[in-house]
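Coordinate inspection notes
Residues per chain, in single letters:
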Amino acid sequence: MSASTTARNRHDPFTDLVQDIFNEYITNEMPIRLLYITGDDETMRFQLVDRDFVREHFKEKRVLDNIHADLAEMMVVDGDEREDSIRERVKKELKYATLSHRWLPDKQEPLHHQILKEPMEVPDDHEPGWKKLQSFCRAAKDAHNCEFAWSDTCCIDKTSSSELDESIRSMFRWYRNSHVCIALLSETADLAALQLQEKGESGEKAVDAWFERGWTLQELLAPSQIKFYGANWKPLIQGSTNDRDNRDSKVIMEKISKLTDIDMDDLESFTPGIDRVPEKMLWASRRRTTRIEDIAYCLIGIFDISFMIAYGEGKRAFFRLMEEIIKRYDKWDVFLWSGRCSRYNAGPPRFSALLCCRMYQNTPQRPGPELRDWR
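Residues numbered from 1 in each chain as written. Predicted model: local features only at pLDDT ≥ 70, side-chain atom pairs only at ≥ 80, totals over all residues. Heavy atoms only, no water.

1. Here we look at the overall build of the protein
So the rule is basically this: A run of DSSP states H or I qualifies as a helix once it reaches four residues; a run of E qualifies as a strand once it reaches two. Both are numbered from the N-terminal end. Any residue under 20% of the maximum accessible area for its type is buried, any over 50% is exposed, and the rest in between are partly exposed; the area is computed with a 1.4 Å probe on protein chains only. In what follows, a contact means two residues having at least one pair of non-hydrogen atoms within 4.5 Å. Accessible surface area values rest on a Shrake-Rupley calculation with a 1.4 Å probe, where residue burial reflects the displayed protein chains alone.
Scanning the protein from N- to C-terminus turns up 17 helices and 8 strands. Relative to its full complement of 375 residues, the protein shows a buried share of 49%. Taking the intrachain contacts of the protein between residues at least 6 apart in sequence as the baseline, contacts between residues at least 24 apart amount to 65%. Approximately 19200 Å² of the protein is accessible, and the part contributed by carbon and sulfur atoms is 48%.

Next up, the structure:
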């Protein structure tokens, strides 16, 4: 019996703490379902697994023993600092990759009910969506050393309203906690092609569809590490596993900043929250979603708020998003809009509207053109 196992059998407080943080992290910080990737260079297999599978898998790999052995000296450190160190180590060990992409039309994507809970290979008569999933899993395992992967096409049981609700509210966090986000620019051949893409002055874009979708905004900002792949599943920048803070990859982020109006500081390290509302709304204003409610739901993580998911409510979803923002945002610039008036315009809470009016009256000067002209 190893020394680490003997130590754990004593059930000392530090062992219990590591176990608790390990279980809490899997339950609260990781996706409900993941793809478990196996196979070799010639054959790629994957299966759909739940959090219990992930928990047992990493226990069998002696992750808890390794964390205990490496951090045992942390027992003498202050409680909060000790728990933070353990949590960071757990996150580092429990790696998974996430996929950011534009969905294919005409139901070509593999869905939850089509993925087996036993190891499976991609069908011989596979559609493009299956090939994309296979390429994603191969990149996750071979290039980023991840045994687990998550895709929004097949890892969410959309027939379960509770699972869909939890997934949408947690998605920003799931992308942030992933080891790497693999972003597929399916209409971009290589880095040279990306450099040629331009945004029209009035908002029209001759760019990859990935930059026009609502959900890809949080998928761009949330992950600590992101890697861009072109249409042929080759990295736009070779030799790096992270395009976020690599010096050679700065050219990609500078181009993305011009295409999206997002500052480099936010692209390098974004903090969600109720601040800079007009600026963040500008980022989203030129993006579209298939479901009208998703233009609100895809911003939940950006603003770090939460409210009930209710598909079928239509444009009211965006009204409820603004209602939640106004409850916590005390600056008058939240009302700087142009265009048609919403039929829900009488709905914001009176106290918030009055507060903003008073702030406006106490402001030394009226807003300048840069705010009045905000779209």
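2. Points about the packing of helix α2 (residues 13-29) against helix α4 (residues 63-71)
Here is the rule we go by: Only C-alpha atoms enter the line fits that serve as axes; for helices the fit covers just the stretch in contact. Angles between N-to-C directions range over 0 to 180 degrees. Each angle is binned into one of four classes, with values under 35 degrees roughly parallel, values over 145 roughly antiparallel, values of 65 to 115 roughly perpendicular, and all other values oblique. A clockwise turn of the near helix away from the far one marks a right-handed crossing, whereas an anticlockwise turn of less than a right angle marks a left-handed crossing. Under this grouping Gly is polar, as are all residues other than the nonpolar Ala, Val, Leu, Ile, Met, Phe, Trp, Tyr, Cys and Pro and the charged Asp, Glu, Lys and Arg.
Packing of α2 against α4 leaves a shortest axis separation of 10 Å and a crossing angle of 130°. The pairing of α2 with α4 is recorded here as oblique in orientation. Like other packed secondary-structure pairs, α2 and α4 cross with a definite hand, here right-handed. Contact with α2, carried on its side by Phe14, Thr15, Val18, Gln19 and Phe22, involves Leu64, Ile67, His68 and Leu71 of α4 and no other residues of that element. When the residues that make up the contact of α2 with α4 are grouped by side-chain class, the tally is 6 nonpolar, 3 polar and no charged.

3. As for a negative patch on the surface
Inclusion rule: Here the term patch refers to residues with relative accessible area over 30% and no salt bridge, with like charges joined within 9 Å and nonpolar side chains (Val, Leu, Ile, Met, Phe, Trp, Tyr) within 5 Å. In the sections that follow, a salt bridge refers to a side-chain nitrogen of Lys or Arg positioned within 4 Å of a carboxyl oxygen of Asp or Glu. Counting rule applied: Lys, Arg positive; Asp, Glu negative; His and chain ends not counted. The atom standing in for a charge is NZ when the residue is Lys, CZ when it is Arg, CG when it is Asp and CD when it is Glu.
Together, Asp245, Glu254, Asp263, Asp265 and Glu268 make up a negatively charged patch on the protein surface. Mapped onto the elements, aspartate 245 comes out in the loop between β8 (226-229) and α10 (250-260).

4. Overview of helix α5 (residues 79-93)
As a reminder, the rule being used: Multiplying one less than the number of residues by 1.5 Å gives the expected span of a helix. Working definition: the arc comes from the directions between the helix axis and the C-beta atoms, pointing outward to the latter.
Relative to the 21 Å expected for 15 residues at 1.5 Å per residue, α5 spans 21 Å between its end C-alpha atoms, a close match to the ideal helical length. Among all positions in α5, only Arg82, Ile86, Arg89 and Val90 are buried. Within α5, the buried residues cover an arc of 105° as seen down the axis, which keeps them to one side. Across α5 from its buried face, at more than 90 degrees, point the exposed residues Asp80, Glu88 and Lys92. Those residues of α5 that are buried are in contact with α2 and α4.

5. Some remarks on the pattern of salt bridges
Side chains that differ in sign of charge can pair as their charged atoms come close. Using the criterion set out here, one finds 24 salt bridges in the structure. The partner of aspartate 266 in a salt bridge is arginine 276, and the shortest N-O contact between them spans 3.0 Å. With aspartate 266 in helix α11 (residues 264-268) and arginine 276 in the loop between α11 and α12 (277-285), the pair connects residues that are 10 residues apart, well separated along the chain. Among the residues examined, aspartate 266 registers a relative accessible area of 7% and is labelled buried. Of the residues examined, arginine 276 reaches a relative accessible area of 30% and is grouped as partly exposed.

6. Details of the packing of aromatic side chains
In plain terms, the rule: Pairing of aromatic rings covers Phe, Tyr and Trp, the last through its six-membered ring, and needs centres within 6.5 Å; plane angles under 30 degrees mean stacked, over 60 mean edge-to-face, and all others mean tilted.
Summed over all chains, the structure comprises 13 aromatic pairs. Seen from their ring centres, tyrosine 36 and phenylalanine 53 are 5.2 Å apart, and the 55° between their planes marks the pair as tilted. Linking tyrosine 36 in strand β1 (residues 33-39) with phenylalanine 53 in helix α3 (residues 51-60), this pair joins segments that are 17 residues apart in sequence. Ring geometry for tyrosine 297 versus phenylalanine 307: centroids 6.1 Å apart, planes at 55°, classification tilted.

7. Some details on the sheet that holds β8
Put simply, the rule is: Strands are treated as partners if at least two bridges between them are detected by DSSP.
Pairing in this open sheet of 6 strands is mixed, and the strands run β2-β1-β4-β3-β5-β8 from one edge to the other. Edge positions in the sheet fall to β2 (44-50) and β8, since each has one partner strand and no second. When strand polarity is set aside, the average angle formed by the axes of neighbouring strands in this sheet is 30°. As paired elements, strand β3 (residues 97-100) and strand β4 (residues 148-150) share 2 bridges and run parallel to each other. Of the residues in β4, the one forming a bridge with alanine 97 is alanine 149.

8. Quick look at the nonpolar core
Put simply, the rule is: In these notes, a set of buried Ala, Val, Leu, Ile, Met, Phe, Trp, Tyr and Cys residues joined through side-chain atoms within 4.5 Å is what counts as a nonpolar core.
Ranked by size, the top nonpolar core spans 102 residues in total, and within it Phe228 and Ile325 carry the most contacts. Considering each element in turn, this core owes the most residues, 7 residues, to α2.

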